[in-house]
Amino acid sequence: MSPGARDVLRGVAWISPWLVGFAVFTLGPAVLSAALSFCDYGLLDSAVWVGLDNYRELWGDPMFRVALRNTLVYASASAVLGAAVTLGVALLLERGLQGAALVRAIVFLPTLVPVVSACVCWMWLLNGRFGLVNQVLGWAGVEGPNWLGDARWAMGSLVVMSAWTIGGPVLVLGAAIRNVPRALYEAADLDGATGLRRFGAVTLPMVSPAVLFNGVMSVIWSLQVFGPPFIMTKGGPENATQVYAVYVYQNAFVYGRMGYACALAWVHVLATLVLTLGLLWVGKRVVYARGA
Amino acid sequence: MRAGAGHRGVAGSLRRAGLWALLAAVGVLYAAPLAWMVGVSLRSAEDAAAPGGGLLPRVRGVEGVEGVEGEGGLGAYARGVAAQGAANYGEVWSSPLADFPLYLKNSLVVTILSVAGAVVSSAIVAYGFGRLRWRGREAVFVVLLATLMIPQAVVVAPQYVLFKWLGWIGTFAPLWAPMWFGGAFSIFLLRQYYLTIPRELDEAARLDGCSHAGVFWRIILPLSGPALAAVAVLQFAACWNDFLGPMLFLNHQDDRTLAVGLHMYLTQHGGTPWNLVMAFSVMVVAPVVAVYVLARRFFVEGVGTEGLRE
């Protein structure tokens, strides 16, 4: 055996646990899911091939449209809000202020909170009568709505809640801010740039790859949102928070329509892929690439 | 150097005060939900459901403790809150509606098996990606990174079919067994860390006749403490917090983990008092927070910088 082949064999041997796990627990189910999406399958009886029927049905399914629209609204709103809050918080934390380390730990903490606990907590925070949010608004003389029980406010409430768990993105962006070469700021100082100008000409371009990375990850994650709508609003009121992942779950495990659920899931993958590639394509034109 | 001129010094310290106030506001805002959760868990049932109750628990109606208005002052108030809290937490612990100690045991079993599996298998796989040179390595690594983007929702339904076929539904196996095959993100973090360890170390050991297994065991692992700790903490949190997996793959109520148990506790009994739900919730959050605080030093070393190189 040639030394090169032996190296490949040794490398593959070391990574074999992952290769096996990937084949069995991800690739296998993904292929199975693709096959089932062309079948009528209800978990108890055997699968029946129905061709494109599931996809055709999906096209005319009003709840599919509602779920898709809600999910896109949630994903774009929480990505934009998340990006803005992340940028603000990360910049503030990197000013070298006393106590910044403590605040950084506090901001990271919510990302560790189990989703059920977070939901329980926010359900009560947003409670129309007893919640802290409306209590605070009450001090200012404003009568807050019943956030989660009002179709006009429920989705917005979930978006605001999503900005509570930005610990990961703040960590990534903070590292990027710390990595901006001092020399660039010194050069900007020499040119008399201050405040906003310094930020726009030096900081923002230098950290833009991290912002793009956070944005893409945030969109991918929020397109999959499941816990908060499932636990806090059950898709309601009036389907205002019926999101895609919950609809897939309902079809697979509540209505017993595994085949249809798999078709829905594959449309989800394709939509996510298109959106991600689109974002990266736009990003490439906006983001400053070091050394370019 | 920037605070050179006098007027800029004054303006500078004013600005600094403004920034500091902003920083404090961020800290308060992000801490508020959890602080509020703890606060409600210390209230009495009537107090938790009283509109405009204010921020601090009121003590009333707890045996042997007078209200705040009494002469006892702060000490009596603290004792009252503590007694109320103890009553709430005790009630959740021994509630007939949810077997908290059993759920805790289930969560611990699943989490410990998952963390052990993820750390061991990811450490080995990362060696193949980070310390060995072989053709095709980069391409396979790109595939590994791409799997991070696969939505869980897509595979979870067919995974159910797979686990059913394996006879794993209703057992803990679907929750921990897959972790023994390496997690993509853990492998990524560990590989990034391995790359920062000087190559001369393994080359010298190899010249001395050490096998790759020996290099891995005697050189790489001992030097990767922070990254291994970071992976363990992340895996602990992911597994402890998992809700969808246990909800789908377990079907007996005695097998519930804490996350699912809390959800049942919340939904099953419409009238569950919020102070008790919050006490339950606090007891679910506390272990994760404790692990994070204990391992924070490693965590920052292992992830904060190394994970982001490249």
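Keep in mind that what you see is a predicted model, and the values were worked out from it rather than measured. (Residues numbered from 1 in each chain as written. Chains lettered and ligands numbered in written order. Predicted model: local features only at pLDDT ≥ 70, side-chain atom pairs only at ≥ 80, totals over all residues.)

## Quick word on the overall build of chain B
Rules: Numbering of helices and strands starts at the N terminus; helices are DSSP runs of H or I of at least 4 residues and strands are runs of E of at least 2. Each residue is classed by its C-beta neighbour count within 10 Å, where at least 20 other C-beta atoms makes it buried, 12 or fewer makes it exposed, and intermediate counts make it partly exposed; the C-beta atoms are placed from backbone geometry. Our contact criterion uses C-beta atoms placed from the backbone: two residues qualify when those atoms are within 7 Å.
Per the secondary structure count, chain B includes 14 helices and zero strands. Ordering the α and β elements of chain B from the N terminus gives α-α-α-α-α-α-α-α-α-α-α-α-α-α. Counting the 310 residues in chain B, one finds 43% classified as buried. Pairs at least 24 apart in sequence give 73% of the contacts found in chain B among residues at least 6 apart.

## A word on the domain arrangement of chain B
Residues and elements named next belong to chain B. Filter applied, for reference: The domain limits used here are those given by an automatic or database domain assignment. Amino acids outside the nonpolar list (Ala, Val, Leu, Ile, Met, Phe, Trp, Tyr, Cys, Pro) and the charged list (Asp, Glu, Lys, Arg) are all regarded as polar, and Gly is one of them.
Entries for chain B in the domain assignment read domain 1 (6-93) and domain 2 (100-308). Listed as interface residues are 14 residues of domain 1 and, on the opposing side, 12 residues of domain 2. Breaking the side of domain 1 that touches domain 2 down by element, the ones donating at least two residues are α1 (6-41), α2 (45-48) and α3 (73-93). The element best represented in the side of domain 1 that touches domain 2 is α3, accounting for five residues. The class makeup of the residues in the side of domain 1 that touches domain 2 is nine nonpolar, three polar and two charged.

## Thoughts on the interface of chain A and chain B
Chain A puts 70 residues into the contact, and the matching count from chain B is 70 residues. In terms of residue count, helix α1 (residues 3-36) of chain A provides more of the side of chain A that touches chain B than any other element does, 20 residues in total. Classifying every residue of the side of chain A that touches chain B gives 51 nonpolar, 15 polar and four charged.

## Quick word on the packing of helix α10 (residues 195-223) of chain A against helix α13 (residues 258-286) of chain A
All names here are of chain A. Selection criterion: The angle between two axes is taken between their N-to-C directions and runs from 0 to 180 degrees, where each axis is a line fitted to C-alpha atoms and a helix contributes only its stretch in contact. By the definition adopted for this analysis, an angle is roughly parallel if under 35 degrees, roughly antiparallel if over 145, roughly perpendicular if from 65 to 115, and oblique otherwise. Take the far helix as your reference; a near helix turned counterclockwise from it by less than a right angle gives a left-handed crossing, and one turned clockwise gives a right-handed crossing.
Where α10 meets α13, the axes come as close as 10 Å, and the angle between the chain directions of the two elements is 165 degrees. By the angle between their axes, α10 is roughly antiparallel relative to α13. The two elements α10 and α13 cross, and the hand of that crossing is right-handed. Of α13, the residues touching α10 (which contributes S208, L212, G215, V216, V219, I220 and L223) are T272, L275, T276, L279, L280, G283 and V286.

## Focus on unusual backbone geometry
All names here are of chain A. Non-glycine residue K234 carries a positive phi angle of around 50 degrees. By C-beta crowding, K234 is classed as exposed, having 12 other C-beta atoms within 10 Å. Positive phi, normally seen in glycine, also occurs at E238, with a value near 50 degrees. Along the chain, the position of E238 falls in the loop between α11 (227-233) and α12 (244-254). On the basis of neighbour counts, which here come to 12 C-beta atoms within 10 Å, the residue E238 falls in the exposed class.

## Remarks on helix α8 (residues 184-195) of chain B
Structurally, the α-helix is built with 3.6 residues per turn, so residues lying three or four positions apart point the same way. Residues and elements named next belong to chain B. This is how the line gets drawn: Expected helix span is given by 1.5 Å per residue-to-residue step, counting one fewer step than there are residues.
End to end, α8 covers 17 Å across 12 residues, agreeing with the expected 16 Å (1.5 Å per residue, within 8%). Taken across its 12 residues, α8 has 10 buried, putting it largely inside the fold. Within α8 the residues assigned to the buried category are A184, S186, I187, F188, L189, L190, R191, Q192, Y193 and Y194.

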